[in-house]
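Overview (structure and organization)
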Amino acid sequence: MLFYIDTLPVLFPYPSVYPEQYAYMCDLKRTLDQGGHCVLEMPSGTGKTISLLSLIVAYQQHYPEKRKLIYCSRTMSEIEKALAELKGLMKYRTQELGREEEFRGLGLTSRKNLCLHPSVKREKSGSVVDARCRSLTAGFVKEKKERGEDVELCVYHDNLDLLEPHNLIPPGVFTFDGLLKYGEQQKQCPYFTARRMMAYCNVIIYSYHYLLDPKIADRVSKELSKDCIVVFDEAHNIDNVCIESLSIDITEDSLRKATKGVNNLDRKITEMKSTDAEKLQNEYAKLVEGLRAADEARNEDAFMANPALPDDLLTEAVPGNIRRAEHFVAFLKRFIEYLKTRMKVLHVISETPPSFLQHLRELTFIEKKPLRFCAERLTSLVRTLELTNIEDYQPLQEVATFATLVATYETGFLLILEPFESATATVPNPVLHFTCLDAAIAIKPVFERFYSVIVTSGTMSPLDMYPRMLNFNTVVQESFTMTLTRKTFLPMIIDRGNDQNQITSQFEHRNDLQVQRNFGSLLIEFCKLTPDGVVVFFPSYLYMESIISAWQGMEILDTVWKYKLILVETPDAQETALALETFRTACNNGRGAVLLCVARGKVSEGIDFDHHYGRSVLCMGVPYQYTESRILKARLEFLRETYRIKEADFLSFDAMRHAAQCLGRVIRGKDDYGIMVLADKRFNKKVTQLPKWIQQGLDQKSTKLSIDQAVSSAKAFLRDMSTPWSRAEQEGHASWSLEDLQAHQKKREIEGISGTDNPRIRALEGRAEVEPKEPEDDEFGGADADAVMADLDIDG
Amino acid sequence: MSKQPTRANGASTKRLAEDGGASPLSKSLHGLSLQHASRPPAVADSSSDICPVCKSSRYLNPNMQFKVNPECYHKMCESCVDRIFSHGPAPCPIAGCARTLRKAKFRRQTFEDLKVEREVDIRRRVAGAMNKKEEDFETLMDYNDYLEQVEEITWNLILKVDVEATEGRLRRWEDHQKAELNPNARRREFDSSVPTDHVVLKKGATQRKTAAPASTPQTIANEMNEDIGFKFHGLKKRVAPPPEAPFDPFGGWSIAPQYYVLQDDYEVDWLTNQKNDVKHSVGGYDMRDFYNRSLREAFGGFGVFIEDEINARGTPSLDPHVGTKQAASVAVGARDVNMDDVF
């Protein structure tokens, strides 16, 4: 259908639009018009991706600037889904407009997924594929070939050079499969096609890491222009992605490998000195001028990248004491030896980068400045030496990256040395965590550089947490709910069992017999009443294991077994995949199954349990993080001091976003239905931290329930759901045809003065109710915070 | 770390075993296996943990510690060091190395790699002499060249290339730096050397006297092209900071009276009684304080012409931020307050 938002014609590839989709698009347009960043929350299964794509593509095609869209998502399957939706959208647009638009949309993923080379693509590990690919495609390999030496090259990559550089692939949208097929036909490398065409694309779809991880972003996303529109979809975990991309763990093993790498480099340098001293001299001469000059040689197949170097550093010359290759190698050796001595300590150390640098200087006379250039210098050296077996140097690169980061950032990072794996271990196995505490550091360049950044997900409550944590300002912040003609999901909070004993995963009580039995009888009851699939989430693997073994003794599992097949998630990905497959088969057979999994595991993040695969989800206990972790403690302290986010607030927010993620697994659309159970007495106080759309369904009478009360309302709900219902019933209310939409637009025009703040219009458009602002409580939260603090427990 | 917990474990298991009434053999076996389990394997398996001198290993002597001497960096265990070097300096016991070592110089090694250990020692030596900073150079380029040169000096020392020549140059450079830092110290050195010569070589005194004035310009010339060890391009000449002036609380403003001279005593009749009165002098009272104060009061405001100053100032500024000016403008209105008087 074609409709207008203000003056912008939007082609939407479906005959009807949900009210919240329309409102979402309006808000998006507002953000794009103003230029700025926004945070939007919309429930899963309401067509977020298609609304985003259709509005932004309409915007691109309507305005002459043709801003590029960079759409980032989290997993491979989500990226593929988005590409498929985009393809569908473009097909619809061509059909409606009657002409083909000049439009390119491409996705990017790792070499492993896009390789066509007959032997390389058979490799299993991603890093091996990367390394082998580089050794076949690097610039110097080609030079060698031209000189007549006998080296292997990749035919697919070479064929690209025969094509026009800006027209490697015809216009249109290519899914990964499509790209692979086209590459096979034309005998050209799909990976490099996508990489090189990036600058000419209207829409790019790839993973967060290509934009956030400075090691990759610098290579892949450097040439993207400033006026791009960046979308982070499924962004509820974006702060963790940012932090992970800048954190490094160094172990004794990696140091040993790094030493081996340095010794190899040393040997290579000596070799090269005797055979091709001129090359080293050339590199030296370039470095005298500065990194920028040395950088000109850099191209897409260069292998290492610098982590988040400030721009002024790149223009500066490399310090004299690491200019010569042999000096630099000795420098690296000294640094690694220093790290080794640090690893020998048998107590936990936590220190800031300046204190680390100070000690380093005292012991080894390594100054801060050459340390900052470490990563870049290593890249340059590796390129000069024309190394091909790059994967051997991975640990060395890690150390160099660490060196650069530690010398570049004074705040927002912390070094934690843990000599023992656990509190009870006696054999030292030291790990040096260089941990980033500030999520804003990695994402800052993105917010600063791009015209408009859109952060969106199904669970982003409370909305203001993200701008605070990531340190940016928003133009629009909005939470949408699902407009429904009938209540298709039933959230409930259960806080006690039939014996009136509490249900909680609090550390002091979690191993009580009554608590375990109550959790068990909850599981039994819901297995009895639910048709098809049941999904159960525990706060941690440790707790899941202990409670399952307790249930085994209480014969609870035997009872469950009568009704459902029991499957368990494990940390092993393949095992879990098998469990999931079996789960689906069991659900398809009609008997149903119960899947026991962990709130922060793979299942809770990426797997959908739509329709009969998930009719009930039970969240057993509040999924808090393991609060005894030193890294988490350091981060909490940092958040309190820098962004004024209280520890309890953050922990609670983090637990609730994971709980909400788990609950969201079962509702994947408007015609889907399911029961959501939060089983812990502590959830009663945390209702406000759930996403608005869940809160809306959670009325007073479904909180503070005992198991039997919950069972009876769940039974009533399932009876309601089983009455015949057709999609036609939601038309006009939860789904608008063109006429409905135009009627609504007219209504809005009449009441237009009050705009989106009018509560009636807000309700119609599926916007969440705005809460009246509460007066700010005092700095330390008074008695209220004490209660919250008392609630925090140690989750293992 | 390795020993104590092991023992504690062993003891507790023994006690447990006794309680359980197990046979003595199984007891000891149990204890043994536990001891093995709790020892860090990294320590036990390393073949480098055998002292090259006495061949004792960590297996026999769990507390063994290794020491090195920065003369030759040969590793040996603590007991060997005690045994060989307790009676004074002795040659290194490692075959092929005959360097004389002293016990006092032995120390624990910081780095696993002895090459790095030695390198760091050399760097410490070089860093002591080469301590220029980026600010000391005219351009960044010069500084980087300097850094590279320093690195090369270090490498010469590490690889034992022209060690003596480099050492000599380093020493000369150090001396030169010291001299530049503190010219007085050098002059003193020079001065002090001359008189001692005088004492020792009294006979040659006359000769020396004639030579002395002639040598002064020569030394200056010598200093100009003296071999200072190294030459660095673009090094800024050190500018000695100006001598620090003594602290002046009034900021250069003189409080000496202009219109009178204070005398020690004034012979005036009406003061004689007071001067001689014991009651006044008992409390530490000094008549001079009285003179000083009275004269100051008498001459206060002398030579101050308010009208002139107001004219010179023009219209008084009414900037509220400058307190004194505001006060001055008030004074203009009030007329009888003289702000220029100190008292």
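On a predicted model such as this, the values are computed, not experimentally measured, just so you know.

Describing the packing of helix α5 (residues 114-129) of chain B against helix α6 (residues 140-158) of chain B
A packed helix pair is summarised by two numbers, namely the angle formed by the two axes and the spacing between the axes. Residue and element names in this part refer to chain B. Relative orientation of the contacting elements α5 and α6 amounts to 130 degrees, with a least axis distance of 10 Å. On the basis of the axis angle, α5 is oblique to α6. Relative to α6, the crossing made by α5 is right-handed. Of the residues in α6, those in contact with Arg-118, Glu-119, Ile-122, Arg-123 and Val-126 of α5 are Val-150, Glu-151, Thr-154, Trp-155, Leu-157 and Ile-158. Tallied by class, residues from the contact of α5 with α6 come to six nonpolar, one polar and four charged.

Quick look at the sheet that holds strand β10 (residues 349-351) of chain A
All names here are of chain A. The strand order β9-β12-β11-β10 describes an open sheet built from four strands, whose pairing is antiparallel. Edge positions in the sheet fall to β9 (248-251) and β10, since each has one partner strand and no second. Averaged over neighbouring strand pairs, the angle between their axes works out to 15 degrees when direction is ignored. In this sheet, strand β12 (residues 431-436) lies alongside β9 in antiparallel orientation, the contact comprising four bridges. Within β12, the residue paired with Ile-250 across the bridge is Leu-432. Across the sheet, helix α21 (residues 394-408) touches β9, β11 (413-418) and β12, and the angle it forms with β9 is around 125 degrees.

Observations regarding the interface of chain A and chain B
Frequently, the measure chosen for interface size is the accessible area that the parts lose on association. The partner chain B presents 23 residues to the 29 residues of chain A that form the contact. Buried area between chain A and chain B, both sides added, is near 2300 Å², and the carbon and sulfur share of it is 63%. Taken together, the connections running from chain A to chain B amount to six salt bridges. The partner of A:Arg324 in a salt bridge is B:Glu148, and the shortest N-O contact between them spans 3.1 Å. One can count nine residue pairs in polar contact (both at pLDDT 80 or more) joining chain A with chain B. Elements supplying a minimum of two residues to the side of chain A that touches chain B: α14 (277-289), α17 (325-343) and α18 (353-364) of chain A.

Brief notes about the confidence of the model for chain A
Residues and elements named next belong to chain A. Confidence in the prediction of chain A, expressed as mean pLDDT, is 86, and 92% of residues score 70 or more. Confidence drops under a pLDDT of 50 for residues 293-308, and excluding neighbours within four residues, the segment shows 46 contacts in the predicted structure. Contacts of residues 774-796 to residues separated by more than four positions or lying in other chains number 37 contacts, the stretch itself having pLDDT below 50.

Some remarks on the domain arrangement of chain B
Per the domain assignment, the segments of chain B are domain 1 (58-109) and domain 2 (118-181). A straight line from the C-alpha centre of domain 1 of chain B to that of domain 2 of chain B covers 31 Å.

Observations concerning the UniProt feature "domain: RING-type" (unreviewed entry) in chain B
Following the UniProt record, the feature "domain: RING-type" (unreviewed entry) maps to residues 51-94 of chain B here. Split by type, residues 51-94 of chain B is 18% helix and 18% strand. Its first and last C-alpha atoms lie 11 Å apart.

Some details on the nonpolar core
Residue and element names in this part refer to chain A. The biggest cluster of nonpolar side chains holds 213 residues, and the ones touching the most others in it are Tyr-206, Phe-232, Phe-335, Leu-339, Phe-356, Leu-371 and Phe-402. The element contributing the most residues to this core is α17, with ten residues. Contact partners of Phe-232, with chain neighbours within four places excluded, come to Cys-72, Tyr-208, Leu-211, Leu-212, Ile-238, Ile-443, Val-446, Val-453, Ile-454, Val-455 and Thr-456.

Observations regarding the packing of α17(A) against helix α20 (residues 374-385) of chain A
All names here are of chain A. One way to put it is that α17 packs onto α20 with a least axis distance of 11 Å and a crossing angle of 130 degrees. Classified by the angle between their axes, α17 and α20 sit oblique to one another. Judged by the twist between their axes, the crossing of α17 over α20 is left-handed. For the pair α17 and α20, the contacting residues are Ala-325, Phe-328, Val-329, Phe-331 and Leu-332 in the first and Cys-374, Arg-377, Leu-378 and Leu-381 in the second.

Considerations on the pattern of salt bridges
Residues and elements named next belong to chain A. For the structure shown, the criterion picks out 57 salt bridges over all chains. Of the charged contacts in the structure, one is a salt bridge between Arg-132 and Glu-123, with a shortest N-O distance of 3.1 Å. Among the salt bridges present, the one from Asp-266 reaches Lys-333, with a minimum N-O distance of 3.1 Å. In this pair, Asp-266 sits in helix α13 (residues 252-275) while Lys-333 sits in helix α17, placing the two residues 67 residues apart along the sequence. Accessibility expressed as a relative area gives 26% for Asp-266, which makes it partly exposed. One network of salt bridges, in which partners are shared, links Asp-239, Arg-600, Arg-635, Asp-654 and Arg-657.

Focus: unusual backbone geometry
Residue and element names in this part refer to chain A. Here the amide bond leading from Ser-461 into Pro-462 is cis, since omega sits at -10 degrees, within 30 degrees of zero. Note that Pro-462 resides in the loop between β13 (452-457) and α23 (465-470). Positive phi outside glycine occurs at Asp-6, with the angle close to 55 degrees. Of note, Asp-6 is situated in the loop between β1 (2-5) and β2 (8-11). For Asp-6, a relative accessible area of 65% gives the class exposed. One non-glycine residue, Asn-471, adopts positive backbone phi at about 60 degrees. Along the chain, Asn-471 falls in the loop between α23 and β14 (474-479). Given the relative accessible area of 52%, Asn-471 is considered exposed.

Calculation criteria
- Residues numbered from 1 in each chain as written.
- Chains lettered and ligands numbered in written order.
- Predicted model: local features only at pLDDT ≥ 70, side-chain atom pairs only at ≥ 80, totals over all residues.
- Heavy atoms only, no water.
- Axes fitted to C-alpha atoms, helices over the stretch in contact; angles between N-to-C directions.
- Helix = DSSP H or I, 4+ residues; strand = E, 2+ residues; numbered from the N terminus.
- Parallel < 35°, antiparallel > 145°, perpendicular 65-115°, else oblique.
- Left-handed = near helix turned anticlockwise from the far one by under 90°.
- Contact = heavy atoms within 4.5 Å.
- Nonpolar A, V, L, I, M, F, W, Y, C, P; charged D, E, K, R; others polar.
- Pairing = 2+ DSSP bridges.
- Buried area = accessible area lost by both parts, 1.4 Å probe.
- Salt bridge = Lys/Arg side-chain N within 4 Å of Asp/Glu carboxyl O.
- Polar contact = N/O pair within 3.5 Å; in protein donor to acceptor, adjacent residues only side chain to side chain.
- pLDDT = per-residue confidence, 0-100.
- Domains from an automatic or database assignment.
- UniProt positions renumbered as here; feature names shortened; annotations may be inferred.
- Core = buried A, V, L, I, M, F, W, Y, C linked by side-chain atoms within 4.5 Å.
- Buried < 20%, exposed > 50% of the residue type's maximum accessible area, 1.4 Å probe, protein only.

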